[in-house]
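# Analysis of the macromolecular model
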Amino acid sequence: MYRYIAFAALCMAAMPAHAGELGAMKAESIDLAGFLGVVYYTPEEDGYRVVTTIAQGEAGLPVRFVAILTENQKVALSVPGKLGESDQIVEILRVGGKLVVSPHPIDGIVVSSPKPAVD
């Protein structure tokens, strides 16, 4: 129950969804074909720790995705479209020391592959 309250509070505190730069600890709302959520990041020693929490509609169970992005890396979240429709995509890119959240794929930017995890 408390997770839902915290998730709802975070959604209400978030800024409206649009492509743009995101500041540290400043949440931005996202809408992925009915999956609603927020994205924020914190600077860490090894990169930006990007946290994305989404839920299907207002009553759906929240799901959290966490990634560490170094310079020139990106991560994408997508929801498949219905038959004959395109997928819904949100891309999160770290470039120039900034984090950019875009509701559309970001073309023309060369990014590196994530480094494999070391156990």
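Everything that follows concerns the structure shown earlier in this document.
Below or above, wherever it landed, is the structure these notes cover.

About the cut-offs
Residue positions are counted from 1 within each chain, in the order its sequence is given. Confidence filtering applies because this is a predicted model: local features only for residues at pLDDT of at least 70, side-chain atom pairs given and counted only at 80 or more, and all residues used for totals across whole chains, interfaces and linings. Side-chain figures throughout are based on the complete set of non-hydrogen atoms in the structure, without hydrogens or water. The numbering of helices and of strands both runs from the N terminus, where a helix is a DSSP run of H or I of at least 4 residues and a strand a run of E of at least 2. When accessible area is computed with a 1.4 Å probe and restricted to protein chains, residues below 20% of their type maximum are described as buried, those above 50% as exposed, and intermediate ones as partly exposed. For every accessible area listed, the method is Shrake-Rupley and the probe measures 1.4 Å; residues are considered covered only by the protein chains on display. Stacked, edge-to-face and tilted are the three classes for Phe, Tyr and Trp ring pairs, Trp counted by its six-membered ring, which pair at centre distances within 6.5 Å; planes under 30 degrees apart are stacked, over 60 edge-to-face, the rest tilted. Cation placement over rings: the criterion is NZ of Lys or CZ of Arg within 6 Å of the ring centroid and within 35° of the ring normal. In short, DSSP must find at least two bridges between two strands for them to pair. To form a nonpolar core, buried Ala, Val, Leu, Ile, Met, Phe, Trp, Tyr and Cys residues must be joined to one another through side-chain atoms within 4.5 Å. By definition in these notes, contact holds between two residues if any of their heavy atoms fall within 4.5 Å. Lines fitted to C-alpha atoms define the axes, with helix axes restricted to the stretch in contact, and inter-axis angles between N-to-C directions lie between 0 and 180 degrees.

Now for the overall build of the protein. Across its full length, the protein holds 1 helix and 8 strands. The helix and strand sequence of the protein, counted from the amino end, reads α-β-β-β-β-β-β-β-β. Across the 119 residues that make up the protein, the buried fraction comes to 31%. When the accessible surface of the protein is summed, it comes to about 7700 Å², and 58% of that surface belongs to carbon and sulfur atoms.

It is worth spelling out the packing of aromatic side chains at this point. Here a ring pair, both rings aromatic, is described through the centre-centre distance and the interplanar angle of the planes. Within the structure shown, the criterion is met by 1 aromatic pair. Ring centres of tyrosine 41 and tyrosine 48 lie 4.3 Å apart, and the angle between their planes is 20°; this geometry places the pair in the stacked category. The exposure class assigned to tyrosine 41 is buried, which follows from its relative accessible area of 7%. For tyrosine 48, a relative accessible area of 12% gives the class buried. Sitting over the ring of tyrosine 48, arginine 94 keeps its end group 3.8 Å from the ring centre.

Turning our eyes to something else, we now look at the pairing of strand β3 (residues 35–44). Here strand β2 (residues 28–32) runs beside β3; their pairing, made up of 5 bridges, is antiparallel. Within β3, the residue paired with isoleucine 30 across the bridge is glycine 37. Remark: 2 residues form the turn of the hairpin made by β2 and β3, two consecutive strands paired antiparallel; alanine 33 in that turn has positive phi of roughly 50°. Strand direction decides the pairing type here: β3 and strand β4 (residues 47–56), joined by 10 bridges, are antiparallel. Within β4, the residue paired with tyrosine 41 across the bridge is valine 50.

Turning to the nonpolar core, a few remarks are in order. Grouped together as the largest cluster of nonpolar side chains are 14 residues, with contacts concentrated most on Ile30, Val39, Val50, Val90, Ile92, Leu99 and Val101. Elements that contribute at least two residues to this core include exactly β2, β3, β4, β6 (73–79), β7 (88–95) and β8 (98–102). Counting residues per element, this core draws most heavily on β4, at 3 residues. Setting aside anything within four residues of it in sequence, one finds isoleucine 92 in contact with Val39, Val50, Thr52, Leu69, Gln73, Lys74, Val75, Leu99, Val100 and Val101.

This brings us to the sheet that holds β3. What the 4 strands build is an open sheet, ordered β2-β3-β4-β5; its pairing is antiparallel. Edge positions in the sheet fall to β2 and β5 (63–69), since each of these pairs with one other strand and no more. Taken pair by pair, the neighbouring strands of this sheet meet at an average axis angle of 25°, ignoring direction. Pairing between β4 and β5: 7 bridges, direction antiparallel. Residue pairing for β5: isoleucine 54 is matched across the bridge by valine 63.

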